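Below, each chain spelled out in residue letters.
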Amino acid sequence: MSIAPEEVRAPARDAMLFRSSPVRTFVMVFAVLMVAYVAVSPVVGWIAGDSGDPWWVTAVQAVLIGAAVAGAYAVSARAALSTWVRVSSGGLELAAQESDPVLLDWADIAAVVIRRDGLRTVLDVVPVDLDSVHPVQEGDTGGPALADTPRGPAFTADLTQIWPSPRALRRAINRHLSR
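Definitions and cut-offs
Sequence order as written defines the numbering, with residues in each chain counted from 1. Per-residue local features are limited, in this predicted model, to residues with pLDDT of at least 70; the limit for side-chain atom pairs, both in listing and counting, is 80 or more; totals at the level of whole chains, interfaces and linings are taken over all residues. Side-chain figures throughout are based on the complete set of non-hydrogen atoms in the structure, without hydrogens or water. Here, patches come from residues exposed beyond 30% relative accessible area and free of salt bridges, joined within 9 Å for like charges and within 5 Å for nonpolar side chains (Val, Leu, Ile, Met, Phe, Trp, Tyr). To measure how exposed things are, a 1.4 Å probe is used in the Shrake-Rupley method; for residues, cover is taken only from the protein chains shown. Salt bridge criterion: a side-chain nitrogen from Lys or Arg within 4 Å of a carboxyl oxygen from Asp or Glu. Summary of the burial criterion: residues with accessible area below 20% of their type's maximum are buried, those above 50% are exposed, and those between are partly exposed, where the area comes from a 1.4 Å probe applied to protein chains only. For every residue, the predictor assigns a confidence score, pLDDT, that lies between 0 and 100. A helix here means a DSSP run of H or I that spans at least four residues, while a strand means a run of E at least two residues long, and both kinds are numbered starting from the N terminus. The sign given to each residue is positive for Lys and Arg and negative for Asp and Glu; His and the chain ends receive no count. The location of each charge is read from NZ of Lys, CZ of Arg, CG of Asp or CD of Glu. Between the N-to-C directions of two axes lies an angle of 0 to 180 degrees, each axis being a line fitted to C-alpha atoms and, for a helix, fitted only over the stretch in contact. If you view the pair so one helix is near and one far, a crossing is left-handed when the near helix is turned anticlockwise from the far one by less than a right angle, and right-handed when it is turned clockwise. Residue contacts are defined here by distance: any two heavy atoms, one from each residue, within 4.5 Å place the two residues in contact. All residues other than Ala, Val, Leu, Ile, Met, Phe, Trp, Tyr, Cys, Pro, Asp, Glu, Lys and Arg, Gly among them, are scored as polar; the first ten of these are nonpolar and the last four charged. Between 30 and 60 degrees the pair is tilted, below 30 it is stacked and above 60 it is edge-to-face, where a pair is any two Phe, Tyr or Trp rings, Trp via its six-membered ring, whose centres lie within 6.5 Å. At least two bridges found by DSSP between two strands is the condition for calling them paired.

Chemist: Can you help me understand a nonpolar patch on the surface in this one?
Modeler: A surface patch of nonpolar side chains, amounting to about 520 Å² of accessible area, comprises Trp-55, Trp-56, Val-60 and Leu-64. Owing to a relative accessible area of 48%, Trp-56 belongs among the partly exposed residues under this scheme.

Here it is, written out as structure tokens:
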């Protein structure tokens, strides 16, 4: 089980925390489903023959289906895996999908890439050398998942549910990497 970011002392005072948010995931999935349901319902009604129900019946159906599906997704095993990234002048801390957190000094990072992979947003952090990666606490057995990239092995994290947003994370990382 991953260590919560509150249990780890930040490496510097200017730390910005980005973490997965099941509430944000619920709201986003619910909103998308509501728009899709309301947009498609008139077309389905026209093709299947109008049932004669008032408009509010469609709205209630949209809310019930949207809430059920968004709720199921928000508590699913994939969505329940916590991810957090902390950016500070002390380095980049990363705990992805229930892994033990690791700390990389900015000088020890060869590349940071935030990319799209289908519907997911993924963070790839390529260390200069895997030996330069520091476990955040003693006894940690392993960091985030490693993936082979053209630049070498990279720590990966799914940022799809991260809050404030992957775009804000990219800006924070770029501020520190440009120094």
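What follows picks up the thread again.
Chemist: Would you explain the confidence of the model for the protein chain in this entry?
Modeler: For residues with low pLDDT, the predicted coordinates do not support detailed interpretation. Mean pLDDT over the protein chain works out to 85, with 93% of the residues at or above the 70 mark. Looking across the protein chain, the model is least confident in helix α3 (residues 77-80), with a mean pLDDT of 59, and most confident in strand β2 (residues 84-88), with 93.

Chemist: Mind showing me how you'd approach a positive patch on the surface here?
Modeler: On the surface, Arg-167, Arg-170, Arg-171, Arg-175 and Arg-179 cluster together to form a positively charged patch. Following the sequence through the fold, Arg-171 ends up in helix α4 (residues 166-177). Judged by relative accessible area, Arg-171 falls into the partly exposed class, the value being 48%.

Chemist: Looking at this structure, I do not really get the packing of helix α1 (residues 22-48) against helix α2 (residues 55-74). What am I missing?
Modeler: The axes of two packed helices give the description: the angle between them and the distance between them. Packing of α1 against α2 brings their axes to within 8 Å, and their N-to-C directions diverge by 145°. Once α1 is placed against α2, the crossing between them reads as right-handed. Contacts between α1 and α2 involve Pro-22, Thr-25, Phe-26, Val-29, Phe-30, Leu-33, Met-34, Tyr-37, Val-38 and Ser-41 on the former and, on the latter, Thr-58, Gln-61, Ala-62, Val-63, Ile-65, Gly-66, Ala-67, Val-69, Ala-70, Gly-71, Tyr-73 and Ala-74. In the contact of α1 with α2, the residues fall into 16 nonpolar, six polar and no charged.

Chemist: I'm lost on the packing of aromatic side chains in this one. Help?
Modeler: The final tally for this structure, using the stated rule, is one aromatic pair. Both rings, one in Phe-26 and one in Phe-30, keep their centres 5.8 Å apart while their planes meet at 10°; by these two values the pair is stacked. Of this pair, Phe-26 and Phe-30 both sit in helix α1, four residues apart, roughly one helical turn. We classify Phe-26 as partly exposed; its relative accessible area is 30%.

Chemist: Can you help me understand unusual backbone geometry in this one?
Modeler: Geometrically, the link from Trp-163 to Pro-164 is a cis peptide bond, its omega value of 20° lying close to zero. Examined against the element boundaries, Pro-164 turns out to sit in the loop between β10 (162-163) and α4.

Chemist: Sorry, what's going on with the pairing of strand β1 (residues 16-20) here?
Modeler: Where a strand is regular, its side chains alternate between the two sheet faces. Note: β1 against β2, four bridges, orientation antiparallel. Along β2, the bridge assignment pairs Phe-18 with Val-85. In the sheet, β1 pairs with β10 via two bridges, with the strands oriented antiparallel. Paired with Arg-19 across the two strands is Trp-163, which belongs to β10.

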